[in-house]
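What follows is each chain in one-letter form.
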Amino acid sequence: MAASSSMTIGLLLYPNVTQLDLTGPWEVFARMPNVTNYLIWKDRQPVMSDRGLAIVPTATFADCPKLDLICIPGGPGQIALMDDDDTLEFVRRMAENAQWVTSVCTGSLILGAAGLLQGYRATSHWGSLDQLSLLGATPVSERVVRDRNRITGAGVTSGIDFALTVAEELFGREIAENIQLQMEYDPAPPFHSGSPRSASPARLAEAKAQIAEFIARRCVATEQAAARLKR
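Each chain has its residues counted from 1, running along the sequence as written. pLDDT decides what is reported in this predicted model: residues at 70 or higher carry local features, side-chain atom pairs at 80 or more are listed and counted, and totals for whole chains, interfaces and linings draw on all residues regardless. Only heavy atoms go into the side-chain values, all of them from the structure, while hydrogens and water stay out.

Naming follows an unreviewed UniProt entry, where the protein chain appears as Cyclohexyl-isocyanide hydratase of Candidatus Pantoea floridensis.

If you want it as structure tokens, here you go:
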């Protein structure tokens, strides 16, 4: 894509979203040239994230313009959207004409519930990755996964990697690297426990136990969404 071109990007904003799933990509997208970004929800009232950060939508389902790229972030509020007809229909409508259909973390489950990942490779947060198969997708345990015009990012912090991948795809490596440098995105985590592959067995077992009840509730919602897709 030429740097002189203009495009529109919309990120779904909903109650109990994980804000970094949203704001990580937003930070990258907002630095891309000639791009107009929208935060989209059903109305323009402030929306509370899962950790108590209020974020204000800039467009609604009714007045959102045509999007070149739609991005669905994840978070606990994703469960409520798995059978939310208004939201799923909006996502489908935007995706129909979008050049790129994307997600971060468990936002991919919302794409799946909308029927937009059937036959695609995709990723999600490690705790829910396997649920993608219920929705017709092929789960891939990678930080960023691209399959044709679908680009999905894994859990939370991978949203920055995801968005830089999008920046390179749209505007080339030079601009993407420049954005990365502007943000001083140079990860050097203090601990090597950020994924199931690097965490100790004890740490992983503890984390799984802590989220087990929530993952079970999410799985029920995914199974119900999968059943609706088969009707």
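Having seen it, we continue.
Before going further, it helps to examine the overall build of the protein chain. A helix here means a DSSP run of H or I that spans at least four residues, while a strand means a run of E at least two residues long, and both kinds are numbered starting from the N terminus. Secondary structure summary: the protein chain contains seven helices and eleven strands in total. Radius of gyration here is computed from C-alpha atoms only, and the compact-globule reference equals 2.2 Å multiplied by the residue count raised to the power 0.38. Over its C-alpha atoms the protein chain spans a radius of gyration of 17 Å, differing by no more than 12% from the 17 Å that the globule rule assigns to 231 residues. A total accessible area of about 11100 Å² is found for the protein chain, and carbon and sulfur atoms account for 50% of it. Across the protein chain, the 21 positively charged side chains and the 25 negatively charged ones have centroids separated by 5 Å. Accessible surface is estimated by sampling points in the Shrake-Rupley manner with a 1.4 Å probe; for residues, cover comes only from the protein chains shown. For the purpose of counting charges, residues Lys and Arg are taken to be positive, whereas Asp and Glu are taken to be negative. His and the chain ends are not included. Charged side chains are reduced to one point each, which is NZ for Lys, CZ for Arg, CG for Asp and CD for Glu.

So, on to the sheet that holds strand β1 (residues 7–12). Strand order in the open sheet formed by seven strands is β5-β2-β1-β6-β7-β11-β10, and the pairing between neighbours is mixed. Both edges of this open sheet fall to β5 (59–60) and β10 (144–147), since each of them pairs with a single strand only. Taken together, the three bridges between β1 and strand β6 (residues 69–72) define a ladder with parallel strand orientation. Paired with I9 across the strands is L69, a residue of β6. Here a residue-residue contact requires only that any non-hydrogen atoms of the pair lie within 4.5 Å. Lines are fitted to the C-alpha atoms to define the axes, a helix being fitted only along its stretch in contact, and any angle between axes, read from their N-to-C directions, falls within 0 to 180 degrees. Packing of helix α3 (residues 85–97) onto the sheet brings it into contact with β1, β2 (35–41), β6 and β7 (100–104), and relative to β6 it is tilted by some 150°. DSSP-based pairing: two strands are paired if at least 2 bridges between them are found.

Here we take up the nonpolar core. Residue types Ala, Val, Leu, Ile, Met, Phe, Trp, Tyr and Cys, when buried and joined through side-chain atoms within 4.5 Å, form a set referred to as a nonpolar core. Each residue gets one of three labels from its accessible area relative to the maximum for its type: buried under 20%, exposed over 50%, partly exposed in between, using a 1.4 Å probe on protein chains only. Core analysis: the biggest nonpolar cluster contains 66 residues, and F29 and M32 have the highest contact counts within it. Looking at this core element by element, the count peaks at eight residues for helix α5 (residues 158–171). Residues in contact with F29, not counting those within four places in the same chain, are I9, L11, V35, N37, L69, C71, F162, A163 and V166.

Take the layout of surface pockets next. Buriedness for pockets is judged along seven lines, at least five of which must meet protein on both sides within 12 Å for an open set on the 1 Å grid over protein atoms alone, while cavities are sets there where a 1.4 Å probe fits but cannot get out, and lining residues have an atom within 4 Å of a point. Grid points are joined across faces, edges and corners, and a volume is the space filled by probe spheres set on the points. Taken as a whole, the largest pocket spans an internal volume of roughly 1200 Å³. Counting only elements with at least two residues in the lining of the largest pocket, the list comes to α5 and α7 (201–229). Sort the elements by how many residues they give to the lining of the largest pocket and α7 lands first, with eight residues. Gly counts as polar in this scheme, as do all residues outside two lists: the nonpolar Ala, Val, Leu, Ile, Met, Phe, Trp, Tyr, Cys and Pro, and the charged Asp, Glu, Lys and Arg. Residues that form the lining of the largest pocket fall into these classes: 17 nonpolar, 15 polar and nine charged.

Definition used for salt bridges: Asp or Glu carboxyl oxygen within 4 Å of a side-chain nitrogen of Lys or Arg. Per the stated rule, a full pass over the model turns up ten salt bridges. The partner of D84 in a salt bridge is K42, and the shortest N-O contact between them spans 2.7 Å. Here K42 lies in the loop between β2 and β3 (47–48) and D84 lies in the loop between α2 (78–81) and α3, a separation of 42 residues in the sequence. With relative accessibility at 15%, the residue D84 sits in the buried group. Under the relative-accessibility criterion, K42 is labelled partly exposed at 34%. Residue D50 pairs with R51 through a salt bridge whose shortest N-O separation is 3.7 Å. Using a relative accessible area of 74% as the deciding quantity, one classes R51 as exposed.

Turning to α7, a few remarks are in order. By definition here, a helix of n residues has an expected span of 1.5 Å times n minus one. Along its 29 residues, α7 runs just 36 Å from first to last C-alpha, ending more than 12% under the 42 Å computed at 1.5 Å per residue. Note on bend: at a given residue it equals the angle between the axes fitted to the 7 residues ending there and to the 7 starting there. At A212, α7 is deflected by roughly 55°, the largest bend along its length. Each element contacted by the buried residues of α7 is listed here: α2 and α4 (107–113).

This part is about the side chain of S103. Mapped onto the secondary structure, S103 falls in strand β7. Apart from residues no more than four positions distant in its own chain, S103 is found in contact with C71, I72, S108, L111, I151, T152, G153 and F162.

Quick look at the state of the cysteines now. Here, a disulfide means two cysteine sulfur atoms that sit within 2.5 Å of each other. According to the stated counting rule, one finds zero disulfides in the structure shown. Free of any disulfide, C105 has its nearest cysteine sulfur in C71, 11 Å distant. For C105, a relative accessible area of 6% gives the class buried. The thiol sulfur of C219 is not disulfide-bonded, and the nearest other cysteine sulfur, from C105, lies at 16 Å.

In this structure, R148 is a non-glycine residue whose phi angle is positive, near 55°. Position of R148 among the secondary structure elements: in the loop between β10 and β11 (150–153). Positive phi outside glycine occurs at E184, with the angle close to 50°. Its location among the elements puts E184 in the loop between α6 (173–182) and α7.

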